[in-house]
Amino acid sequence: MRSRDLPQPVRALASLVCLTGTASLFNLQAHAETVLSGQLGLGYEYDSNVSVDELDRSSSIGDNGLLFSAELGVDHDFTDETSGSLSYAYSRIDYNEFDFLSRETHILGANLSSSWDPVTAGINYFYIEAMLDGDNFLTYHRISPSLSGFVSKKWFLRAAYVYGDKAIANRPGRDAANHGAEMDVYYFWQGLRRYINLGFVYRDEDSRAARFDYTAHQIKLRMVQRFEIFSRLSTLEMGLRYENRDYSSPTPSIGERRKDERYRAGLELEIPLTEQVNWQVYSGYSDYYSNLPSADYDQTVVGTRVEFNF
């Protein structure tokens, strides 16, 4: 997790921590009423098992693809206590062999937060639209009010309610609304140089077709360590995630209720090449256990990308 992915109160802490390069950026933002930012990314990725998770489909065949991403954002301080932001992100992967599964995603986001020491209340909204091979595939709306704050110098807590609504083209039975709750605990070992994030997610998904209804429990653990390489502050992130899904109705193809267990592990290293350019290498492994054969598979992803920040 990079600094910009942290909850807003934690990001504000960065202006108080003396971090090479990063600290100066946050200090500039903290004194500005409105901040514009952007990013372009180029990369390459290998996927050992090209899949479409939303449809429980995997190819069991590996392929490589070119990555492109772009982001634009604006942050505005309305008062000393209240701030808001708008963002747009675009990402695309073009596979070599599985070009019909090449995917592009558009994400629009909005956030509003207000601080009443020691608690910050916020609400964010995301609209996501994904396409496969240029055709509409997924539309998703997500809104989430939250409360967060520091309970001590080293401990930060965040709790949120999440409502989501998704529609999948040509698969009306999978259209669904979901309700959930999230809880995150951050422990700052050495400020932003080293910290741990432990999170829990509960989700209840109500689909148009009863066989896709499920409840899920997810636990995640992340550790972030920052260290200097050639006098530049680099970031190493390690993460583990476990999810259990319990479906409420029998799946006709297997004649029983479906049960899934999903294990994921990830590793990412980010090295600043200049003040505006970062190089990243990453890898991830997923192991999905399911009594539905098409949803039972494992997957390894490795990749690299260069990001240009402005």
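Just so it is clear, the model here is predicted, and its values are computed rather than measured.

## Considering the overall build of the protein
Argument step 1. In terms of helices and strands, the protein carries two helices and 16 strands.
Argument step 2. The buried share of the protein, reckoned over its 310 residues, is 41%.
Argument step 3. Taking as baseline every contact in the protein between residues at least 6 positions apart, the subset at least 24 positions apart corresponds to 52%.
Argument step 4. Within the structure as shown, the protein displays about 16200 Å² of accessible surface, and the carbon and sulfur contribution to it stands at 59%.

## Focus: the pairing of strand β10 (residues 176-188)
Argument step 1. Of the two faces of β10, only the one carrying Ala176, Asn178, Gly180, Glu182, Asp184, Tyr186 and Phe188 is buried; Ala177, His179, Ala181, Met183, Val185 and Tyr187 on the other face are not.
Argument step 2. Note: strand β9 (residues 155-168) against β10, 12 bridges, orientation antiparallel. Residue pairing for β10: Tyr163 is matched across the bridge by His179.
Argument step 3. By the bridge criterion, 13 bridges tie β10 to strand β11 (residues 194-207) in an arrangement that is antiparallel. If you follow His179 over to β11, its bridge partner there is Asp204.

## Describing the packing of aromatic side chains
Argument step 1. Counted under the stated rule, the structure contains 14 aromatic pairs.
Argument step 2. Aromatic side chains Phe98 and Phe100 sit 5.7 Å apart centroid to centroid with 50° between the ring planes, which places their arrangement in the tilted category.
Argument step 3. Centroid distance Phe156 to Tyr186: 5.8 Å. Interplanar angle 65°. Geometry classified as edge-to-face. Of this pair, Phe156 sits in strand β9 while Tyr186 sits in strand β10, and the two are 30 residues apart along the sequence.

## Quick look at the nonpolar core
Argument step 1. Val52, Tyr95, Leu101 and Phe137 are the most contacted members of the largest nonpolar core, which totals 15 residues.
Argument step 2. Of all the secondary structure elements, the ones that give two or more residues to this core are β5 (82-95), β7 (119-132) and β8 (135-150).
Argument step 3. Phe156, Tyr186, Phe188 and Val224 belong to the second-largest nonpolar core, a separate cluster that totals six residues.

## Some points on a nonpolar patch on the surface
Argument step 1. Residues Leu40, Leu42, Phe68, Leu72, Phe308 and Phe310 make up a contiguous nonpolar surface patch of roughly 580 Å² in combined accessible area.
Argument step 2. Relative to the helices and strands, Leu40 is located in strand β1 (residues 34-47).
Argument step 3. Residue class for Leu40 comes out partly exposed when judged on its relative accessible area of 38%.

## Some thoughts on the environment of Asn170
Argument step 1. Looking at the secondary structure, you find Asn170 in the loop between β9 and β10.
Argument step 2. In sequence terms Asn170 and Leu138 are 32 residues apart; their C-alpha atoms lie 9.9 Å from each other.

## Describing the confidence of the model for the protein
Argument step 1. Looking at the protein, the pLDDT average stands at 90 and 90% of residues meet or exceed 70.
Argument step 2. Scored below 50 in pLDDT, residues 9-31 makes 37 contacts in the model with residues more than four places away or belonging to other chains.

Cut-offs and rules
Residues numbered from 1 in each chain as written. Predicted model: local features only at pLDDT ≥ 70, side-chain atom pairs only at ≥ 80, totals over all residues. Heavy atoms only, no water. Helix = DSSP H or I, 4+ residues; strand = E, 2+ residues; numbered from the N terminus. Buried < 20%, exposed > 50% of the residue type's maximum accessible area, 1.4 Å probe, protein only. Contact = heavy atoms within 4.5 Å. Areas by Shrake-Rupley, 256 points an atom, 1.4 Å probe, with all protein chains shown as cover. Pairing = 2+ DSSP bridges. Phe/Tyr/Trp six-rings, centres within 6.5 Å; stacked < 30°, edge-to-face > 60°. Core = buried A, V, L, I, M, F, W, Y, C linked by side-chain atoms within 4.5 Å. Patch = residues over 30% accessible without salt bridge, like charges linked within 9 Å, V, L, I, M, F, W, Y side chains within 5 Å. Salt bridge = Lys/Arg side-chain N within 4 Å of Asp/Glu carboxyl O. pLDDT = per-residue confidence, 0-100.

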